[in-house]
Structure formats: structure tokens, C-alpha cells
Amino acid sequence: MEENHVVSLVNNKTRKFKSVCVFCGSKSGYKPIFGEAALDLGKALVERKIDLIYGGGSVGLMGLVSKTVFYGGCRVLGVIPRALVPHEISGEAVGDVKVVPDMHQRKAEMEKHADAFIALPGGYGTMEELLEMITWSQLGIHKKPIGLLNVGGYFNSLFALFDKGVEEGFIEDTARHIVIAADSAEELIMKMEEYAPKHNGVATKQSWESDQLLASTRK
């Protein structure tokens, strides 16, 4: 009875996020550690019963993390622009796949459905999605945690660039703390669960939402 109670407490504690959006490559990279990290992240999400939002591809790291989460019993939602379907979906994609017109709509849908964001190693597309979510946090559009799984030091140069931005006066020191980093999935999720924004958004979330509503009524 006591053991079941402990398990229940652990499950309640680790259920802070209902869904996490994962940005990652449609390639697997040259090193086995990248694929291993994608599998570990998928397992960590399953253990916490966290659903996955991702880029909709069935190949590369995207395929590994999505299949791990789906076959682990959690919901998977892929969001993919129509033009990328022939390039990033090979065979049957798992879970639900939402096809959208363009990259902007892809990111908007991912942000809408996710409680937090995690980036695995990837290329330009991964970087672009990651940086936009960081920017949206800085601007006050959302206050969701953003984590980088720094597999094999993959993001070290990016962290150095952020630090250079602070040093040269282009990034506020408080905004530098938007980015959370760890070497393992378990550590990263734990840090993200404890995240509290230190920066003030450029504008309030309410003002962004009011502008979006006004724009939609003019269409």
C-alpha cells in the first residue's frame, strides 16, 4: 500500500506538462548518441504520460521520438507543411498528422498545443523553430519552458553565441535564462518543471492575443 502511494505521488509530480513539443532533425546524424537521445527522450515522456507535439515526419530523429511515444501509449500530434510531406514522411506516420499550408502555421499550431518545448539536435529547420519560440517568449507571447537536450555538446556553440549576445549588449541577461539546458532527458525535464521566467516580456500576452483577434476580424 505504501509503495503504491509513493508511485502515485511520483506520477502526480511528473505530470506538470500534458504535452511537450519536440523540435528535432528529419535526419539521424552521424553519431549513434543522437538516436539514443531521441529514444531516451521519448521514454521519459512516456514515463510521465506526456503527449508529443512534433514536426510530423516519420524519418530521422523525428521518427524515433514519435514512434517511441506513440507505441508507449501516449498521444502524438504531428504538424507538417503540405510541401514537406513527400520529403519527411516515409511510409506510415504514427498518431495524428495535421497538414498545414506553411511553416508559420506549423509553428503556430505547435505552440498552441504544447505546454513546453524541447529541442534535440537538428539542422536549420530545428534551429529556426527553436529560435522563434525563444523570441516569442522574449516578446511575451508565451511563458512556456524551452529546453535544449545538449547531446554530445551539440548546442555548445549556440550557447556561446547567446552569451556573446549578452556580453555585447544585444540580449538581456534575464532573457538569457529563457533557455534551459541539460545533457540528459531526465535532468532537462526536471529543470523545465522548475522553470520560472526571469525576464519581462516586451508586451503582455493579452495584448498579443487582442491584436490577433482584431486581425482575424478584419479578414
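Residues numbered from 1 in each chain as written. Predicted model: local features only at pLDDT ≥ 70, side-chain atom pairs only at ≥ 80, totals over all residues. Heavy atoms only, no water.

Participant: Explain the pattern of salt bridges here, please?
Facilitator: Side-chain pairing between opposite charges can occur once the charged atoms of the two side chains come close. Under the definition given, this model contains 13 salt bridges. In this structure, the salt-bridge partner of Glu 129 is Arg 106, at a minimum N-O distance of 3.3 Å. Of this pair, Glu 129 sits in helix H6 (residues 124–139) while Arg 106 sits in helix H5 (residues 103–113), and the two are 23 residues apart along the sequence. The class of Glu 129 is buried, set by a relative accessible area of 4%. Between Glu 111 and Lys 144 there is a salt bridge, and its shortest N-O distance comes to 3.1 Å. Here Glu 111, found in helix H5, pairs with Lys 144, found in the loop between H6 and strand S6 (146–149); they are 33 residues apart in sequence, far enough to count as distant. Judged by relative accessible area, Glu 111 falls into the buried class, the value being 11%. Residue classification places Lys 144 among the buried residues on the basis of a relative accessible area of 18%. Where salt bridges share partners, they join Arg 48, Glu 186 and Glu 193 into one cluster. (Salt bridge = Lys/Arg side-chain N within 4 Å of Asp/Glu carboxyl O. Helix = DSSP H or I, 4+ residues; strand = E, 2+ residues; numbered from the N terminus. Buried < 20%, exposed > 50% of the residue type's maximum accessible area, 1.4 Å probe, protein only.)

Participant: How should I be thinking about the pairing of strand S1 (residues 19–23) in this particular structure?
Facilitator: Along a regular strand, successive side chains alternate from one face of the sheet to the other. Extensive coverage of S1 is indicated by the burial of 5 of its 5 residues. Where burial is concerned, the two faces of S1 agree: the one with Ser 19, Cys 21 and Phe 23 and the one with Val 20 and Val 22 are both buried. Pairing of S1 with strand S2 (residues 51–54) involves 4 bridges; the strand directions are parallel. Looking at S2, one finds that Val 20 is bridged to Leu 52. Considered for its hand, the β-α-β crossover made up of S1, helix H2 (residues 32–47) and S2 is right-handed. (Pairing = 2+ DSSP bridges. Right-handed = clockwise from strand over helix to strand, strands pointing away.)

Participant: Can you help me understand the packing of H5 against H6 in this one?
Facilitator: Angle between the axes and distance between the axes are the two parameters that describe a pair of packed helices. Relative to each other, H5 and H6 sit at 60 degrees, their axes nearing to 11 Å. One way to sum up the angle between H5 and H6 is to call them oblique. Like other packed secondary-structure pairs, H5 and H6 cross with a definite hand, here right-handed. Within the contact between the two elements, H5 uses Met 103, Arg 106, Lys 107, Ala 108, Met 110 and Glu 111 and H6 uses Glu 128, Glu 129, Glu 132, Met 133 and Trp 136. Tallied by class, residues from the contact of H5 with H6 come to 5 nonpolar, no polar and 6 charged. (Axes fitted to C-alpha atoms, helices over the stretch in contact; angles between N-to-C directions. Parallel < 35°, antiparallel > 145°, perpendicular 65-115°, else oblique. Left-handed = near helix turned anticlockwise from the far one by under 90°. Contact = heavy atoms within 4.5 Å. Nonpolar A, V, L, I, M, F, W, Y, C, P; charged D, E, K, R; others polar.)

Participant: I'm lost on the nonpolar core in this one. Help?
Facilitator: In globular proteins that are soluble, nonpolar side chains generally tend to be buried together. Val 22, Leu 41, Leu 45 and Leu 120 are the most contacted members of the largest nonpolar core, which totals 33 residues. Contributions of two or more residues to this core are made by S1, H2, S2, helix H3 (60–71), strand S5 (116–119), strand S7 (179–182) and helix H9 (185–193). Per-element tally for this core: the top contributor is H2, with 7 residues. Counting 24 residues, the second-largest nonpolar core is a separate cluster that includes Val 79, Phe 117, Ile 141 and Leu 148. (Core = buried A, V, L, I, M, F, W, Y, C linked by side-chain atoms within 4.5 Å.)

Participant: What is the right way to read the sheet that holds strand S3 (residues 76–81) from this model?
Facilitator: Strands in a sheet are paired, the pairing made by backbone hydrogen bonds, and the direction either parallel or antiparallel. Across the sheet, 7 strands lie side by side as S4-S3-S2-S1-S5-S6-S7; this open sheet has parallel pairing. This sheet does not close on itself; its edge strands, each paired only once, are strand S4 (96–100) and S7. This sheet shows a mean twist of 25 degrees between the axes of neighbouring strands, independent of strand direction. H2 contacts S1, S2, S5 and S6 of the sheet and is inclined by roughly 170 degrees relative to S1. On the sheet, H6 packs against S1, S5, S6 and S7 and is oriented at approximately 150 degrees with respect to S6.

Participant: Please clarify how the side chain of Arg 106 should be interpreted in this entry.
Facilitator: Judged by relative accessible area, which is 4%, Arg 106 ranks as buried. Looking at Arg 106, its side chain comes within polar contact range of the side chain of Glu 129, at 3.3 Å. (Polar contact = N/O pair within 3.5 Å; in protein donor to acceptor, adjacent residues only side chain to side chain.)

Participant: I would appreciate a short explanation of the packing of aromatic side chains in the present structure.
Facilitator: Summed over the entire model, instances satisfying the criterion amount to 5 aromatic pairs. Ring centres of Phe 23 and Phe 117 lie 6.0 Å apart, and the angle between their planes is 10 degrees; this geometry places the pair in the stacked category. Residue Phe 23 is found in strand S1, and its partner Phe 117 is found in strand S5; the two are separated by 94 residues along the sequence. Exposure remark for Phe 117: the relative accessible area of 0% places this residue in the buried category. Summarising the aromatic geometry, the rings of Phe 70 and Tyr 71 are spaced 5.3 Å apart at their centres and angled 75 degrees between planes, so their arrangement reads as edge-to-face. Residue classification places Phe 70 among the partly exposed residues on the basis of a relative accessible area of 34%. An aromatic cluster is present here, built from Phe 34, Tyr 154, Phe 155 and Phe 159 joined pairwise through their rings. (Phe/Tyr/Trp six-rings, centres within 6.5 Å; stacked < 30°, edge-to-face > 60°.)

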